[in-house]
Amino acid sequence: MRGVAVAAIALTSVMTMAACAKDSGGGTNSNTGSGAACEFATPPTAPATSNTSSANGAKVDASALKIGLAYDIGGRGDASFNDSAAAGMDKAIADMGVKKENTRELSAAPNEDEAAKQTRLRQLASEGFNPVLGVGFAYAESMKLVAAEFPNVKFGLVDSAVEGAANVTPLLFAEQEGSFLAGVIAAYQSKKCHVGFVGGVEIPLIQKFEAGYFQGAKAAAPKIQIEKKYITPAGDFTGFQDAPKGQEAAKGQIDKGADVIYQAAGASGKGIFSAAKQGGVLAIGVDSDQYNQATVADTKDVIVSSMLKRVDVAVYDFIKAVAKNDLASLPKVFDLKVDGVGYATSGGKIDAKLQGILEGYKAQIIEGKIKVADKP
């Protein structure tokens, strides 16, 4: 992969860079192995205390708000990106007094046109919902138009920004930082030093996940073999909602010898987990803590971890900031430092030793000693 930095160089001047041997399964990376576990670079030392910021602050009353939520493809129940946003709304109802009857949720359809997105946002704003959240970059163009029509409505936009729109707050994430840690997990969990990545749609946002994953895996095990596959090309967003194609993509990587698969594929991830279970390998989830998601409960035993993209935190914090009339308090980017991304330990497959290694890499990223690329 072009541009994948070996971040371990920044960690120590003396490292063992021993190669994994060659795997007869073949793949996209020339560093193939014989099925042996990786030999690892010297990991950074875990910090004595946490470097993250997680203060909740004083209790806020948001009972006067009417909140509209426009989901991306898959909506509530996708066990991934949208469900994370839904969890943020649910927490606002539980913690801040938001009334369930004062909320409205609408969902996008695959490959719908801009008119449909505009109608959805316009419907929420015209019915008095304020704030209105667009869950996903796909709402950027439509929100630019609709926000101008409703200057008194506060809009929040996950994964994108609208230049020149004062009433649109971008909710952006450092997906590459969390994915770096997913790469470290994959390397340490692999028995063959051979792992895979399946993306839903080949777009810059999902390439951030790919870039961080590759960099983290190679930081941990410099000669690791990594497969990659996107379900659909840019422009075809069905890749986020096609479990059979996700299963097919993952099976192809498993057949080549990959024994840990990281997926950033939305609802298609359900098929990827199924392929992992059928193939007797492990998988890493994305966005939500997928080990605890009911819709993938039948395959949770193969989910070693999930890269947490805390859309729930961003949605909750945005609602809280609107209620306080203090949008300036929101972070510019939800990164490792503010717990905007991270990793899950549900299921007990991340032992204390590996967690210490992960915390060491995490601290180095927060301190700026490791720079994680956001492009492959």
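Our subject is the structure listed above.
Below is a summary of the structure that appears in this document. (Residues numbered from 1 in each chain as written. Predicted model: local features only at pLDDT ≥ 70, side-chain atom pairs only at ≥ 80, totals over all residues. Heavy atoms only, no water.)

Before going further, it helps to spend a moment on the overall build of the protein chain. A tally of regular secondary structure across the protein chain gives nine helices and 11 strands. Put simply, of all contacts in the protein chain between residues at least 6 apart along the chain, 71% involve residues at least 24 apart. When the accessible surface of the protein chain is summed, it comes to about 14800 Å², and 50% of that surface belongs to carbon and sulfur atoms. (Helix = DSSP H or I, 4+ residues; strand = E, 2+ residues; numbered from the N terminus. Contact = heavy atoms within 4.5 Å. Areas by Shrake-Rupley, 256 points an atom, 1.4 Å probe, with all protein chains shown as cover.)

Before going further, it helps to examine unusual backbone geometry. Cis rather than trans, the peptide bond between Asn-130 and Pro-131 has omega equal to 20°. On the secondary structure map, Pro-131 appears in the loop between α2 (114–126) and β3 (132–134). Here the phi dihedral of Asn-325 falls at roughly 55°; this positive angle occurs in a residue that is not glycine. Counting through the fold element by element, Asn-325 comes out in the loop between α8 (311–324) and β11 (341–343).

This part covers the packing of aromatic side chains. For the coordinates displayed, the defined rule picks out 10 aromatic pairs. Measuring from centroid to centroid gives 6.0 Å for Phe-137 and Phe-237, while their planes differ by 55°, and the two rings are tilted. Within this pair, whereas Phe-137 is found in the loop between β3 and α3 (140–149), its partner Phe-237 is found in the loop between β7 (225–232) and α6 (243–255), the two being separated by 100 residues in sequence. For Phe-137, a relative accessible area of 24% translates into the label partly exposed. (Phe/Tyr/Trp six-rings, centres within 6.5 Å; stacked < 30°, edge-to-face > 60°. Buried < 20%, exposed > 50% of the residue type's maximum accessible area, 1.4 Å probe, protein only.)

With that settled, the discussion passes to the packing of α2 against α3. It is the contact of α2 with α3, at a shortest axis distance of 9 Å, that shows an interaxial angle of 40°. What the angle tells us is that α2 and α3 run oblique. Along this stretch, α2 crosses α3, giving a crossing that reads as right-handed. Residues Glu-114, Lys-117, Gln-118, Leu-121 and Arg-122 of α2 form the contact with α3, whose own contacting residues are Glu-141, Ser-142, Met-143, Leu-145, Val-146 and Glu-149. Here the contact of α2 with α3 is built from residues that sort into four nonpolar, two polar and five charged. (Axes fitted to C-alpha atoms, helices over the stretch in contact; angles between N-to-C directions. Parallel < 35°, antiparallel > 145°, perpendicular 65-115°, else oblique. Left-handed = near helix turned anticlockwise from the far one by under 90°. Nonpolar A, V, L, I, M, F, W, Y, C, P; charged D, E, K, R; others polar.)

Here the focus is the sheet that holds strand β10 (residues 303–309). Taken in spatial order, the six strands make up an open sheet running β7-β6-β8-β9-β10-β11, and their pairing is mixed. Both edges of this open sheet fall to β7 and β11, since each of them pairs with a single strand only. When strand polarity is set aside, the average angle formed by the axes of neighbouring strands in this sheet is 15°. In the sheet, strand β9 (residues 282–287) pairs with β10 via five bridges, with the strands oriented parallel. Opposite Gly-285, over in β10, you have Ser-306 as the bridge partner. (Pairing = 2+ DSSP bridges.)

According to the stated counting rule, one finds one disulfide in the structure shown. Cys-38 shares a disulfide with Cys-193; S-S distance 2.1 Å. On the S-S bond that ties Cys-38 to Cys-193, the torsion sits near 105°, and the link is right-handed. Residue Cys-38 is found in the segment before β1 (67–73), and its partner Cys-193 is found in the loop between α4 (175–189) and β6 (194–201); the two are separated by 155 residues along the sequence. Since its relative accessible area comes to 7%, Cys-38 is described here as buried. (Disulfide = S-S within 2.5 Å.)

This part is about the sheet that holds strand β2 (residues 103–108). Strand pairing in a sheet is mediated by backbone hydrogen bonds. Such pairs are either parallel or antiparallel. An order of β2-β1-β3-β4-β5 is seen for the five strands of this open sheet, with the pairing classed as parallel. Only two strands of the sheet have a single partner each, and these edge strands are β2 and β5 (168–171). In this sheet, adjacent strand axes meet at a mean angle of 20° when their direction is disregarded. Here β1 pairs with β2 via six bridges, running parallel. Residue pairing across strands places Ile-67 opposite Thr-103, the latter belonging to β2. Of the strands in this sheet, β1, β2 and β4 (155–158) touch helix α1 (residues 81–96), which is tilted by about 165° from β1.

With that out of the way, let us pick up the pattern of salt bridges. What the rule picks out here adds up to 17 salt bridges. The partner of Glu-127 in a salt bridge is Arg-104, and the shortest N-O contact between them spans 2.7 Å. Placement of Glu-127 in the loop between α2 and β3 and of Arg-104 in strand β2 is noted, with a sequence separation of 23 residues between them. Accessibility expressed as a relative area gives 29% for Arg-104, which makes it partly exposed. In this structure, Glu-367 engages Lys-369 in a salt bridge whose closest nitrogen and oxygen atoms are separated by 3.3 Å. Of the residues examined, Glu-367 reaches a relative accessible area of 42% and is grouped as partly exposed. Taking relative accessible area as the criterion, Lys-369 reaches 47% and is therefore assigned partly exposed. Shared partners join several salt bridges into a network, and the residues in it are Asp-159, Glu-175, Lys-208 and Lys-309. (Salt bridge = Lys/Arg side-chain N within 4 Å of Asp/Glu carboxyl O.)

Attention now goes to the environment of Ser-190. Along the chain, Ser-190 falls in the loop between α4 and β6. In this structure Ser-190 comes out as buried when scored by relative accessible area, which is 4%. With 91 residues separating them along the chain, Ser-190 and Val-281 place their C-alpha atoms 8.9 Å apart. If near-sequence neighbours (up to four positions away) are discounted, Ser-190 is found in contact with Ala-37, Val-195, Asp-259 and Val-260. For Ser-190, the side chain forms a polar contact with the main-chain nitrogen of His-194, separated by 3.1 Å. Separated by 2.6 Å, the side chains of Ser-190 and Asp-259 make a polar contact. (Polar contact = N/O pair within 3.5 Å; in protein donor to acceptor, adjacent residues only side chain to side chain.)

Everything listed here is a matter of geometry and, on its own, says nothing about what the molecule does.
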